[in-house]
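# Architecture and fold: a report
Residue-level listing of the chains:
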Amino acid sequence: MKKKKRKGRFLFIIPLVLLLLFYIQSNKQPSIHLNNNSNNKSTPTFPTELNPVVKERTQQLVQRAAKKGITVVITDDFRSAADQNQLYKKGRTVSGSVVTNAKGGESYHNYGLAVDFALKNHSGDIIWDMQYDGNKKGKKDWYEVVDIAKALGFSWGGDWVKFKDYPHLQMNFGLSISDLQAGARPDASSLTADTNK
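Once that is clear, we can look at the pairing of strand E2 (residues 114-120). Put simply, side chains in a regular strand alternate between the two faces of the sheet. Among the seven residues in E2, six count as buried, and that is most of the element. Pairing of strand E1 (residues 71-76) with E2 involves five bridges; the strand directions are antiparallel. Counterpart to Thr-71 in the pairing with E2 is Lys-120. Strand direction decides the pairing type here: E2 and strand E3 (residues 126-127), joined by two bridges, are antiparallel.

Once that is clear, we can look at unusual backbone geometry. Here the phi dihedral of Phe-163 falls at roughly 45°; this positive angle occurs in a residue that is not glycine. Here Phe-163 shows up in the loop between strand E4 (155-156) and strand E5 (168-170). The backbone of Phe-173 shows a phi angle near 55°, a positive value even though the residue is not glycine. Relative to the helices and strands, Phe-173 resides in the loop between E5 and helix H5 (177-181). Its relative accessible area of 30% is what places Phe-173 among the partly exposed residues.

Another aspect to go through is the side chain of Asn-121. Looking at where Asn-121 falls in the secondary structure, it is placed in the loop between E2 and E3. A polar contact is formed between the side chain of Asn-121 and the backbone nitrogen of Asp-125, at a distance of 2.9 Å. Apart from the residues within four sequence positions on either side, Asn-121 is in contact with Ile-127 and Tyr-132.

Conventions adopted
Residues numbered from 1 in each chain as written. Predicted model: local features only at pLDDT ≥ 70, side-chain atom pairs only at ≥ 80, totals over all residues. Heavy atoms only, no water. Buried < 20%, exposed > 50% of the residue type's maximum accessible area, 1.4 Å probe, protein only. Helix = DSSP H or I, 4+ residues; strand = E, 2+ residues; numbered from the N terminus. Pairing = 2+ DSSP bridges. Polar contact = N/O pair within 3.5 Å; in protein donor to acceptor, adjacent residues only side chain to side chain. Contact = heavy atoms within 4.5 Å.

Here's what the structure looks like:
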């Protein structure tokens, strides 16, 4: 009798376990395409320079602005996580104003997907004056640069709802910071720099 009871329990548990495994498998999140050339290492590799497409589009931005009589200066591009942490300390544990809410690994700069810019005025000074109209075309030079950047595929930190970052331009290629932290990278095979725009 005890053997029959055990056999009955065993036959009941097997389908239950199979059903549970099926449920777990069917509810798995879709995997993110990793393009980190890490040969399945557990720690994702991090870039050490600006993404090639972002670099090309940044160069195009500078050239197109120059054709409009605006000198754009790239003040920052790729930033390591350590550098990001130093910047995060400003206005917190180091003197100065808060310039970022992102710690190391929380900024698109850390993944080579962002740049910061400023303008150079006729005196050769680097300025962040959003009202400056050095080319005298009736539109503030800053916003002319932003329009060029958006046409090249950048998004602008000045459009953010919280903590507007007016010098910031980024290309996220559809990846969130969480995706990047998990090891996702833009798929190089689908990235091309458009030089015809």
